[in-house]
Amino acid sequence: MKYSLKNGKEINFDHTYIMGIVNVTPDSFYPGSRIDRDRLIDTVSQMIKNGAEIIDVGGESTRPGAQEVSLEEELNRVVPAIEIIKNNFDIIVSVDTYKSKVAEESLKLGADIINDISAFRFDENMVNVATKYDCPVILMHMKGTPRNMQQNPFYEDTVGEIITFLKERIEFSKKHGVEKIIIDPGIGFGKRLIDNLLILKHIDEFKKLGYPVLVGASRKSMIGMILDLPVEERLEGTLAITAYSVMKDVDIIRVHDVKENYRVVKVIEAIKNAAR
């Protein structure tokens, strides 16, 4: 499977892609990922040098309990960042937003992918923007909103319920002409520790939906719960999930620490691809 992009590039899904996280926010959950404009070029340059093939730009924190950011504020954060990246680098760029206006303005400047944590549920016009620009879209599962998603989430059948949700969102997307779909089970978005563990344990079930799968677990609270460590000390736990995900043929890994994750991906892929 491969997805063609408007700039002539392709995402071939013949290996695990590293997506580097660039948060142009003052309050993302991991301080090390917060980037101001003056540091943006250096940060993106280093990510690309270290192996990132996709840069994911977000202007609103979606950590548990996060407050919504106004459309004007998000535009002021994201659009200049997209423009700077596209003017300086030949790299695939994803815009992490659930607001159609932010997505469209970013796509006008050359962004390639919409990463919508709401899977087209929070802004009814988002699916129309995706159709208009014929771009890949990441559809993520989330129970509730970032503000309330961790207030006692509960599932009778974690994997089954998430798959049912994603199937419905896939059908909705296809009905509106969106075919280039990537699915994200939403680690940490309205999930308990056991839910996150079950998603990873059964990630093969998500692959059976027939679309590329993204895992975003970098430095998240599930790692902190397992290891009893603060966000600054969760790199090794992140790398463990990355290694497991590559072994399970996950298509995209969304991470803060590109260099370390890229090295893990390369070693695991070498083992997987070794000729007999």
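S.K.: Is there a simple way to think about the packing of helix 9 (residues 235-247) against helix 10 (residues 258-272) in this case?
M.R.: A packed helix pair is summarised by two numbers, namely the angle formed by the two axes and the spacing between the axes. Contact pair helix 9 / helix 10: the axes reach a minimum separation of 9 Å and the direction vectors enclose 30 degrees. Here helix 9 lies roughly parallel to helix 10, going by the angle between them. Regarding helix 9 and helix 10, the two cross each other, and that crossing is right-handed. Here helix 9 contributes Leu235, Thr238, Leu239, Thr242, Ala243, Val246 and Met247 to the contact with helix 10, which in turn contributes Glu260, Asn261, Val264, Val265, Ile268, Glu269 and Lys272.

S.K.: I tried to follow helix 4 (residues 126-133) on my own but got confused; where do I start?
M.R.: Side chains of residues three or four places apart in an α-helix project in the same direction, reflecting 3.6 residues per turn. By the burial criterion, the buried members of helix 4 are Met126, Val127, Val129, Ala130 and Tyr133. One face of helix 4 carries all of its buried residues, which in axial projection span an arc of 160 degrees. The elements touched by buried residues of helix 4 are helix 3 (100-108), strand 6 (113-116), strand 7 (137-140) and helix 5 (158-175).

S.K.: Mind showing me how you'd approach the packing of aromatic side chains here?
M.R.: Where two aromatic rings form a pair, the distance of their centres and the angle of their planes describe that pair. Going through the model one piece at a time under the given rule, you end up with four aromatic pairs. Between Tyr3 and Phe13, the ring centres sit 5.2 Å apart and the planes meet at 80 degrees, which makes this aromatic pair edge-to-face. Residue Tyr3 is located in strand 1 (residues 3-4), and its partner Phe13 is located in the loop between strand 2 (10-11) and strand 3 (17-23); the two are separated by ten residues in the primary sequence. Judged by its relative accessible area of 6%, Tyr3 is buried. Phe13 sits in the buried class, given a relative accessible area of 12%. Clustering of aromatic rings is evident, with ring pairs tying together Tyr3, Phe13 and Tyr17. The ring of Tyr155 carries the charged tip of Lys143 above its face, separated from the ring centre by 3.8 Å.

S.K.: Honestly, helix 3 in this entry has me stumped. Any pointers?
M.R.: Residues of helix 3 that are buried include every one of Ser100, Val102, Ala103, Glu104, Ser106 and Leu107, and no others. The inward-facing, buried residues of helix 3 contact helix 2 (71-88), strand 5 (92-96), strand 6 and helix 4. Gly110, located one to two residues past helix 3, shows a positive phi value of around 110 degrees.

S.K.: I'm lost on unusual backbone geometry in this one. Help?
M.R.: Both trends apply: most residues other than glycine have a negative phi, and most peptide bonds are in trans. Positive phi values are uncommon outside glycine, yet Ala119 reaches one of about 55 degrees. For Ala119, the position within the fold is in the loop between strand 6 and helix 4. Residues other than glycine seldom take positive phi values, yet Asp134 does so here, at roughly 50 degrees. You can see Asp134 is positioned in the loop between helix 4 and strand 7. Relative accessible area serves as the criterion here: at 37%, Asp134 is assigned to the partly exposed category.

The rules behind these values
Residues numbered from 1 in each chain as written. Predicted model: local features only at pLDDT ≥ 70, side-chain atom pairs only at ≥ 80, totals over all residues. Heavy atoms only, no water. Axes fitted to C-alpha atoms, helices over the stretch in contact; angles between N-to-C directions. Helix = DSSP H or I, 4+ residues; strand = E, 2+ residues; numbered from the N terminus. Parallel < 35°, antiparallel > 145°, perpendicular 65-115°, else oblique. Left-handed = near helix turned anticlockwise from the far one by under 90°. Contact = heavy atoms within 4.5 Å. Buried < 20%, exposed > 50% of the residue type's maximum accessible area, 1.4 Å probe, protein only. Arc of directions from axis to C-beta. Phe/Tyr/Trp six-rings, centres within 6.5 Å; stacked < 30°, edge-to-face > 60°. Lys NZ or Arg CZ within 6 Å of the ring centre and 35° of its normal.

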